[in-house]
Protein chains: 2
Amino acid sequence: MSYQQLEQHQQRLYRLSHLGAICGWDQAAVMPQGGNEARAEAMAELDLLLHTARTAPQLAQWIADAEAEPLSELQRANLHEIKRQWQDATLLPGDLVEALSLAGSRCEHAWRRQRKENDWAGFAPNLEEVVRLSREVATLRAEALSVRPYDAMLALYEPGMTSARLDVIFGDLGQWLPGLIQDVTTRQRQTQPLQPRGPFPIASQQALGQEVMGLLGFDFAHGRLDVSSHPFCGGVPTDVRITTRYNEDEFVSSLMGIVHETGHARYEQGLPRHLLGQPVAEARSMGIHESQSLFCEMQLGHDPAFLNLIAPHIARHFGTQPALAPENLARLYLDVKPGLIRVDADEVTYPAHVILRYELERDLIEGRIEVADIPELWDAKMQQWLGLSTKGNYRDGCMQDIHWTDGSFGYFPSYTLGAMYAAQLRFALERALGASLGTLVAQGRLADVFGWLQQNVWQHGSAFDTDELVRRASGEALNPQWLRQHLEQRYLK
Amino acid sequence: MSYQQLEQHQQRLYRLSHLGAICGWDQAAVMPQGGNEARAEAMAELDLLLHTARTAPQLAQWIADAEAEPLSELQRANLHEIKRQWQDATLLPGDLVEALSLAGSRCEHAWRRQRKENDWAGFAPNLEEVVRLSREVATLRAEALSVRPYDAMLALYEPGMTSARLDVIFGDLGQWLPGLIQDVTTRQRQTQPLQPRGPFPIASQQALGQEVMGLLGFDFAHGRLDVSSHPFCGGVPTDVRITTRYNEDEFVSSLMGIVHETGHARYEQGLPRHLLGQPVAEARSMGIHESQSLFCEMQLGHDPAFLNLIAPHIARHFGTQPALAPENLARLYLDVKPGLIRVDADEVTYPAHVILRYELERDLIEGRIEVADIPELWDAKMQQWLGLSTKGNYRDGCMQDIHWTDGSFGYFPSYTLGAMYAAQLRFALERALGASLGTLVAQGRLADVFGWLQQNVWQHGSAFDTDELVRRASGEALNPQWLRQHLEQRYLK
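The shown structure was predicted, so the numbers you read here are calculated from the model rather than taken from an experiment.

Quick look at the packing of aromatic side chains
Here's step 1: All told, the structure shown has 34 aromatic pairs over all chains when counted by the stated rule.
Here's step 2: Ring centres of Phe170 of chain B and Tyr358 of chain B lie 5.3 Å apart, and the angle between their planes is 75 degrees; on these two criteria the pair is classed as edge-to-face. Separated by 188 residues along the polypeptide, Phe170 of chain B in helix H8 (residues 163–188) and Tyr358 of chain B in helix H14 (residues 350–365) bring together distant segments of the chain.
Here's step 3: Of the residues examined, Phe170 of chain B reaches a relative accessible area of 3% and is grouped as buried.
Here's step 4: Among the aromatic residues, those joined into a cluster by ring pairs are Tyr157, Tyr350, Trp378, Trp404, Phe409, Tyr411, Phe412 and Tyr415 of chain A.
Here's step 5: When the ring centre of Trp25 of chain A is taken as reference, the NZ or CZ atom of Arg241 of chain A above it lies at 4.4 Å.
Here's step 6: Taking the ring centre of Phe412 of chain B as reference, the NZ or CZ of Arg357 of chain B above it sits at 5.6 Å.

Let's talk about the environment of Leu300 of chain A
All names here are of chain A.
Here's step 1: Along the polypeptide, Leu300 turns up in helix H11 (residues 286–300).
Here's step 2: By relative accessible area, which is 0% here, Leu300 ends up buried.
Here's step 3: Separated by 122 residues in sequence, Leu300 and Ala422 have C-alpha atoms that sit 9.9 Å apart.
Here's step 4: Apart from residues no more than four positions distant in its own chain, Leu300 is found in contact with Leu216, Phe295, Phe306, Leu437, Val441, Leu446 and Phe450.

A closer look at the domain arrangement of chain A
All names here are of chain A.
Here's step 1: In terms of domain boundaries, chain A breaks down into domain 1 (1–90) and domain 2 (108–197 + 267–493).
Here's step 2: Once you take the C-alpha centre of each, domain 1 and domain 2 turn out to be 28 Å apart.
Here's step 3: Residue-level contacts link 13 residues of domain 1 with 15 residues of domain 2.
Here's step 4: When residues of domain 1 are sorted by the area they lose upon contact with domain 2, Leu74, Glu81 and Asp88 head the list and together hold 34% of the total.
Here's step 5: Applying the counting criterion to the domain 1 and domain 2 interface returns two salt bridges.
Here's step 6: Measuring nitrogen to oxygen at the nearest pair gives 3.1 Å for the salt bridge that ties Arg284 to Glu81.
Here's step 7: Our count for the contact surface shared by domain 1 and domain 2 stands at six residue pairs in polar contact (both at pLDDT 80 or more).
Here's step 8: Sorting the residues of the side of domain 1 that touches domain 2 by element identifies helix H1 (2–29) and helix H4 (73–90) as the ones contributing at least two each.
Here's step 9: Among the elements that take part in the side of domain 1 that touches domain 2, H4 stands out by supplying nine residues, more than any other.
Here's step 10: For the side of domain 1 that touches domain 2, a count of residues per class yields four nonpolar, five polar and four charged.

Looking at the sheet that holds strand S3 (residues 239–244) of chain A
Residue and element names in this part refer to chain A.
Here's step 1: Here we have three strands laid out as an open sheet, ordered S1-S3-S2, and mixed in their pairing. This sheet does not close on itself; its edge strands, each paired only once, are strand S1 (223–227) and strand S2 (233–236). Shown here is a sheet whose adjacent strand axes are inclined to one another by a mean of 20 degrees, direction ignored.
Here's step 2: Of the pairings in the sheet, the one linking S2 to S3 comprises four bridges and is antiparallel in character. By the bridge assignment for S3, Val236 is matched with Asp239.

Some points on the interface of chain A and chain B
Here's step 1: Contacts between chain A and chain B engage 31 residues on the former and 31 residues on the latter.
Here's step 2: Summed over both sides, the interface of chain A with chain B buries roughly 2700 Å², with 62% coming from carbon and sulfur.
Here's step 3: A per-residue breakdown of the area chain A buries against chain B is headed by Arg15, Leu19 and Glu45 of chain A, which together make up 21% of the total.
Here's step 4: Where chain A meets chain B, there are ten salt bridges.
Here's step 5: Inspection of the region where chain A meets chain B yields 17 residue pairs in polar contact (both at pLDDT 80 or more).
Here's step 6: Breaking the side of chain A that touches chain B down by element, the ones donating at least two residues are H1, helix H2 (36–54), S1 and S3 of chain A.
Here's step 7: Sorting elements by how many residues they give to the side of chain A that touches chain B places H1 of chain A first, with nine residues.
Here's step 8: A class-by-class count of the residues in the side of chain A that touches chain B yields 15 nonpolar, seven polar and nine charged.

Focus on the relation of the copies chain A and chain B
Here's step 1: The two copies are related by a screw motion: chain A maps onto chain B through a turn of 180 degrees and a shift of 0.0 Å along the axis, at an RMSD of 0.0 Å. Interpreted geometrically, this transformation is the action of a two-fold axis.
Here's step 2: The residues that chain A uses at the interface reappear at the interface of chain B in 100% of cases, marking a shared surface.

Considering the pairing of strand S2 (residues 233–236) of chain B
Here's step 1: Taking every second residue as pointing to the same face, the buried face of S2 of chain B carries Gly234 and Val236 of chain B, while none of Cys233 and Gly235 of chain B on the other face is buried.
Here's step 2: The hairpin turn running from S2 of chain B into strand S3 (residues 239–244) of chain B, its antiparallel successor, is two residues long.

Brief notes about the pattern of salt bridges
Residue and element names in this part refer to chain A.
Here's step 1: With the rule as written, the count across this model stands at 74 salt bridges over all chains.
Here's step 2: With its nearest N and O atoms 3.1 Å apart, the salt bridge here joins Arg471 to Glu468. Here Glu468 and Arg471 lie together in helix H19 (residues 466–474), a separation of three residues that amounts to about one turn.
Here's step 3: Taking relative accessible area as the criterion, Arg471 reaches 39% and is therefore assigned partly exposed.
Here's step 4: Glu468 gets classed as partly exposed once you look at its relative accessible area, which sits at 27%.

Looking at the packing of helix H10 (residues 252–270) of chain B against helix H11 (residues 286–300) of chain B
Residue and element names in this part refer to chain B.
Here's step 1: At their nearest, the axes of H10 and H11 sit 7 Å apart, and the two run at 135 degrees to each other. Regarding the angle of H10 to H11, the classification is oblique. As H10 runs across H11, the sense of the crossing is right-handed. Of the residues in H11, those touching H10 at Met256, Val259, His260, Gly263, His264, Tyr267 and Glu268 are Ile288, His289, Glu290, Gln292, Ser293, Leu294, Cys296 and Glu297.
Here's step 2: Each residue belonging to the contact of H10 with H11 can be placed in one class, and the counts come to six nonpolar, six polar and three charged.

Scoring rules and cut-offs
Residues numbered from 1 in each chain as written. Chains lettered and ligands numbered in written order. Predicted model: local features only at pLDDT ≥ 70, side-chain atom pairs only at ≥ 80, totals over all residues. Heavy atoms only, no water. Phe/Tyr/Trp six-rings, centres within 6.5 Å; stacked < 30°, edge-to-face > 60°. Helix = DSSP H or I, 4+ residues; strand = E, 2+ residues; numbered from the N terminus. Buried < 20%, exposed > 50% of the residue type's maximum accessible area, 1.4 Å probe, protein only. Lys NZ or Arg CZ within 6 Å of the ring centre and 35° of its normal. Contact = heavy atoms within 4.5 Å. Domains from an automatic or database assignment. Buried area = accessible area lost by both parts, 1.4 Å probe. Salt bridge = Lys/Arg side-chain N within 4 Å of Asp/Glu carboxyl O. Polar contact = N/O pair within 3.5 Å; in protein donor to acceptor, adjacent residues only side chain to side chain. Nonpolar A, V, L, I, M, F, W, Y, C, P; charged D, E, K, R; others polar. Pairing = 2+ DSSP bridges. Axes fitted to C-alpha atoms, helices over the stretch in contact; angles between N-to-C directions. Least-squares fit on C-alpha atoms with pLDDT ≥ 70 in both. Parallel < 35°, antiparallel > 145°, perpendicular 65-115°, else oblique. Left-handed = near helix turned anticlockwise from the far one by under 90°.

In structure tokens:
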């Protein structure tokens, strides 16, 4: 049967990708600097090999044949994902892929210096080239998938999502979020958190991080915690590698970074293990992946009950000081402050950063604005959402992110979709378990919490499309009101 | 040109092998236990891919064509190695390779338990199957290479070496080594070394190890030191991964283990970097590789001048105690004691362990003895060489090594060939630099020592055959008298 041949083909791709995943982790976490050139060549050779395999000429026929074969529901879902990945791999001409890859590398490489130097004039022409090629990509993908150009980019990260729907969802946030930000910041002005006094030795931070990972049910027989300059979750589902970075003067953000990556890791570790190797066993989308990390970090990790739970661990490693009392930890972690930098943003202001970028990249890809328009629009939107100016400050404005430099247009919405899914899942979980997340934590029922996620999210991999997955778990499709309710409960009650 | 096609083909193999080398290191050094099954599958998939590439049907023609093309001397040497590797990859039928691989895995796997249980009766049938298949391999290889069956196995590790020559060389050792062992042990009976008192914290042992690696010129921009249960030198020449294991109660053997692996590592790091990817840039043979590790460990590392050099480092990490004085360190490291276990043997008794195994495996492969004969012959040879009995003690006798369990017949001689090459190179180096190794160390001229090895061994990769390499470096072919002179100077003067 052609379907079986496809399954074997996927298994082979999965095994070879495994090597790339581990070597990629190695490159970021432990590789000595001088090893980079040969490593990059080895990774490129593997990429070429995988690309050749993913676009092998016999696949079109196998897929067409398999569609006519009698398949179980799960096999059909798998075939759907196989076909989607095959389309993504084949629908662009090789020279366009190569041109974008080259332009992206060049733009990203120069950006690392240009950002520091606030050099918009140097950056803009490189970005223009990336945008030009990305528009070609979007147009070709749009034709093949019969959707709008930007939606064809979205489909790479959030299959099924559309900009028409995002406009509604993000439009809804636009109605209440700016007011909420104002209310919260006004209210918080009355009490300032105490800042913990270091140093916080790195070995202790690491031990603390591993303890907290243990509380969160991370499976150390199938994963590790290491260090890299940009934290990530990599490896393979049977061996998940998360990383963090430490700073002796500060442990608060590093610790919560570990909690965030642990959320990604538990999703990967919880994917249906008997199906690993098949696309149906992969994580559903970037937004759902982010929902799991944000569930851990924001819904759970920032809950006062969770901070109560880990406060004794913190005290055991760093001693007692007023700043490490649970109430002050909550005040530290729940501090809301509009700022220029997305990655430093709290959960209340974060969506503003994302929606701003979404609106710009949508219009950029569909040709309604040009690269030259970005700085002024960025500044106007930052004023509107957060009351902050980025005039002349490209570094902390439109040059702060890596995403556009290599053409990853369509990725940004995943962050806020993730936050909304996380809130929606959390309320669904509370209804199902009959108690608030805080109460569940206080009662020592973390295993029930993660058991619910395993049952309702992780074990399904990509068996359902995102809407169906969310509907089965929560009873309705994506609804931004749950994020609103979460934020109002946490910050205004 | 066909030669160019071969070069590109090799480059591709090299890049893909890189991924396997790093994932192999990862598996031994950092992988969590639960990751093993998927890793093994990924590595097997890569092995299959590499095997297919190494036996691609067009290679025979390319090689034949290239042999008629005008090539530089270096290209011709490279072609010679390409052809040799291609022959090794192609001359066995796939089902024999697979059968041996399966029988080897089964035998090795069971051996891990059987050895502990001293279960020769359980082990023997598995080994018989491995021997049966290995004899088939040896016969087929022998026909293709027109050499004796055992020599065809030797060629996998020591191309160009023959058992006729080993009989002469090891026969020579047989003349003087037993007497030397007696003389040394009699003499050493008068003074016993003091045993250092621990604990020796692992973090300090690691820091000390890295300092000593630094003294030995290990390039940390192109390599790392990590931990694994069986120390090894892995990775790739631009990123060499060495490992050790630590024991809080003891640092002496772990430290010298690091020195040993550093010898392997410097050879790899010193291979001709501009040629990496081509077989001509690879290490010459197992014996030459071992000569570099033994040069570092035995010739240099056990020299009292070197122990003088590192004694202050040891003292800084572990404080002062009489057992850590340089003279006592020398006494510790130069202690000679006949024992049952090869891997624990000192440099004086080590060749006895090797020659014993050589004689058995040579006769086993060529059908003059059978598996059932091994225990009695082992015991007789241990009595003869070292005056020790292994009667009924299979665990510490003929079941102690992993090599035969997976069919690596022909490997053992490399250890003692390495020791002999190391001694020969050391005397050549002393003549060239006009001072003894001890004097060079005392004068702070370690860079000259390694510069000489770079010049005379490392940079040549596989450009010359082993005899030619050794002749160019030392003025003569392999001569076991240099090992004798070294041992007599060190232990009887």
